[in-house]
Structures are given as structure tokens and as C-alpha cells.
Amino acid sequence: MKFRFIGTGASEGYPATFCGCEGCRKAKQLGGKNLRRRASAVIDDHILLDFGPDLYTANFTDLVDLPSVTDIVFTHSHVDHLYEKELFNLFEPMGVENPNLPIRIYGNETVISQIRDYMTIFRKRSLEKIAEVMTLITIQPFESFQVGNLTFTALLANHAGPNEDAYIYEIVSDGKSMLYGTDTGLLPEETKDYLTDHPLDVYIFDATSGKVPCPYKEHMGYPEIAQTLEEIRVVGRDGVRIYGTHFVHSWYEMHDDLIKSGAPYGIIPAYDGMSFEL
């Protein structure tokens, strides 16, 4: 399994849209690993985790080749993770040559209905036409499903309020396993129980506030990640890798700062383009 972070920023990106704070100005000045697209990732070059508004420009780079994508797995419906307007470009005449159609799209009920409603109500496409370019697959909490040679299990996140089941995902392939855990606050009990019973090789967690205890209950910082690792009995296990993603600009931490503040917790801050293999 080859994993690559496409975006590692929070919903406003880093530097944030229309923001002239110290952190955003410094990130723009330094560039490189301090510039963060909205959170997304790709596995084995063809399975996307979320499709937000920055995927279009990511396609200009070697981070992702969108015509190669066969599957998109969504965590939830917030606009930094689901930008359904861009998915309309799967239809002709915007897209004219794609051997991977229909692309398989997985998500909770809100994600799937939001995509379907946009295509039918606003774009006037019939269900038959939609089926030619995308297969919409609704995933229930704690359901396992196969995407190529990967097995995904949808775990409940603490995010998106009472009217949507936001997910984080356990991903397993060839005896190796990982968690893609953005966006979430401290985990629901059912998810903690599952992760306690299913030890993984790699954990990727929402680290929105970095070194600062997170003031937002539906996100985490390094202190909340440390608490979670204790609760699911990861602390003390050998060979485990912990990454943070979904960083916000509000506390002015540059990438080097995030490395230093994450080190005592054993957390590696991800950056756009960072990759690893399992």
C-alpha cells in the first residue's frame, strides 16, 4: 500500500483564504512544507480519500493524476472534503476520455445524497446518465467494504454534528493496516472499542490545533491525540507510526514548529506530498 498526503490543511487552507495573520504571512513567505491544501490523500495512485476544492490544482503537480482515479472514499460532506461541483466534470463534454468510468464513490448517506441531488436537481442529469460516470455507494457505520485490494471499515468520527455520520477509516491490505482519522474530535466509545481490539501499524489523526489543546470539540490537537492513543492502548507498542494532519493557521506554527512540538508525543506532522509505504 502506497499512501500520499495531497493536502494537510484545515478547511480554510494554510495560508487561509483572505487572512493576513502572522502565521499565514510567514507560511506564504517560507513556502514549501508550510503551504497546505485542504485535507485529502491518495492510495496506490488511484484511490482518493476525499475530493475537496484543491484537487484541481493538485492535478497540476505530481501529487495526483486525476484521470487515473478509479475510486473516491469520502469521510463526510463538509466542503473542504466534498466539492461535488468539480465531480460534474466527469460528464461530457468537460471530460471526454477516461477509461476508468464509472468511478466508484463511497460515503455516508449525506455524502451520497448531496452528490446525487447536485447532479439531478442543479445539473439536470438523469440517474441513468449519472450511472454512466459514477457508481454511488452508501456506507453504513462500521461496515467493511472492498476497494481494489484494500479493505476499508467505516468508523464513527466525532464530527459533523448530530445529522451526519462522519467517518474515519481503518484500511487493511496484505496484513498491513492503518487509520485515516481526519476530521474528528475525541472518539466515540464504539470507535475506541473497535480500535482497541484492532491494533494498527499506522495512525493518522486530526491535529488541527497542533501543540495547543484543541478548543473545537470536533477536532483535535497533539494533546488530544496523545489522550486517544492512551485510550486505545497504542502507547508502548513498538513499530507504530503516528502522523498528524489537518493543521490550522490560528497558532502560527510552521512545519518545523510542528515537528518540535509533536516530538514529545511521538507524532510526525504530515505535509503535502509526504508519502509512505506499508
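Conventions used here
Residues numbered from 1 in each chain as written. Predicted model: local features only at pLDDT ≥ 70, side-chain atom pairs only at ≥ 80, totals over all residues. Heavy atoms only, no water. Helix = DSSP H or I, 4+ residues; strand = E, 2+ residues; numbered from the N terminus. Rg over C-alpha atoms; globule rule 2.2 N^0.38 Å. Contact = heavy atoms within 4.5 Å. Areas by Shrake-Rupley, 256 points an atom, 1.4 Å probe, with all protein chains shown as cover. Lys, Arg positive; Asp, Glu negative; His and termini not counted. Charge placed at Lys NZ, Arg CZ, Asp CG, Glu CD. Buried < 20%, exposed > 50% of the residue type's maximum accessible area, 1.4 Å probe, protein only. Pairing = 2+ DSSP bridges. UniProt positions renumbered as here; feature names shortened; annotations may be inferred. Axes fitted to C-alpha atoms, helices over the stretch in contact; angles between N-to-C directions. Arc of directions from axis to C-beta. Salt bridge = Lys/Arg side-chain N within 4 Å of Asp/Glu carboxyl O.

Draft legend 1. Summary view of the overall build of the chain. Along its length, the chain carries 8 helices and 14 strands. Scaling as 2.2 N^0.38, a compact globule of 278 residues should have a C-alpha radius of gyration of about 19 Å, and the chain matches this with 18 Å. By its C-alpha atoms, the chain is 55 × 45 × 35 Å across when sized along the principal axes. Sequence-distant contacts, at least 24 apart, represent 68% of the contacts inside the chain between residues at least 6 apart. Counting every atom, the chain has about 12,200 Å² of accessible surface; 50% of that belongs to carbon and sulfur. If you average the places of the 24 positive and of the 40 negative side-chain charges in the chain, the two averages end up 6 Å apart.

Draft legend 2. Molecular detail of the environment of Leu 278. Topologically, Leu 278 is positioned in the segment after β14 (275–277). When the C-alpha atoms of Leu 278 and Gly 175 are compared, they prove to be 9.2 Å apart, with 103 residues separating the residues in sequence. Beyond its immediate chain neighbours, meaning those up to four positions away, Leu 278 contacts Met 1, Lys 176, Ser 177, Met 178, Asp 201, Val 202 and Arg 241.

Draft legend 3. The pairing of strand β2 (residues 40–43), seen in detail. What you see with β2 is no split at all: Ser 40 and Val 42 on one side and Ala 41 and Ile 43 on the other are buried throughout. Alignment of strand β1 (residues 2–7) against β2, held across 4 bridges, turns out to be antiparallel. Within the sheet, the bridge partner assigned to Phe 5 lies in β2 and is Ala 41. In this structure, β2 lies alongside strand β3 (residues 47–49), joined through 3 bridges in antiparallel fashion. Bridge pairing in β3 links Ala 41 to Leu 49. Hairpin connection between β2 and β3: a loop of 3 residues separates the two successive antiparallel strands, and Asp 44 in this loop has a positive phi of roughly 55°.

Draft legend 4. Focus on the UniProt feature "domain: Metallo-beta-lactamase" (unreviewed entry) in the chain. Mapped onto this numbering, the UniProt entry annotates "domain: Metallo-beta-lactamase" (unreviewed entry) at residues 47–246. Helix makes up 24% of residues 47–246 and strand 25%, with an end-to-end C-alpha separation of 19 Å.

Draft legend 5. Quick peek at the sheet that holds β3. Strand order in the open sheet formed by 7 strands is β6-β5-β4-β3-β2-β1-β14, and the pairing between neighbours is mixed. Here the strands that pair on one side only, and so sit at the sheet edges, are β6 (134–138) and β14. Averaged over all adjacent pairs, the angle separating strand axes in this sheet is 20°, with direction ignored. Pairing between strand β5 (residues 103–107) and β6: 5 bridges, direction parallel. If you follow Gly 107 over to β6, its bridge partner there is Thr 138.

Draft legend 6. Expanded view of helix α7 (residues 222–231). The complete set of buried residues in α7 reads Tyr 222, Glu 224, Ile 225, Thr 228 and Leu 229. One side of α7 carries all its buried residues, which in axial view fall inside an arc of 160°. Buried residues along α7 sit against β11 (202–206), β12 (241–245), α8 (255–262) and β13 (267–269). Positive phi appears at Arg 233, one or two residues downstream of α7, with a value of about 60°.

Draft legend 7. The arrangement of unusual backbone geometry in detail. Cis geometry marks the peptide bond from Tyr 14 to Pro 15; its omega dihedral reads 10°. Its place among the elements puts Pro 15 in the loop between β1 and α1 (22–30). At the junction of Thr 182 and Asp 183, the peptide bond is cis and its omega measures out at -5° in the coordinates. Position of Asp 183 among the secondary structure elements: in the loop between β10 (176–181) and α6 (189–197). In this structure, Asp 174 takes a positive phi of about 50° despite not being glycine. The class for Asp 174 is exposed, based on a relative accessible area of 72%.

Draft legend 8. Fine view of the pattern of salt bridges. Under the counting rule described, the total for this entry stands at 8 salt bridges. Across the salt bridge formed by Arg 37 and Asp 272, the nearest N and O atoms sit 3.6 Å from each other. Residue Arg 37 is found in the loop between α1 and β2, and its partner Asp 272 is found in the loop between β13 and β14; the two are separated by 235 residues along the sequence. Judged by its relative accessible area of 23%, Arg 37 falls in the partly exposed class. Judged by its relative accessible area of 15%, Asp 272 falls in the buried class. Through salt bridges that share partners, Lys 2, Arg 4 and Asp 45 make up one connected network.

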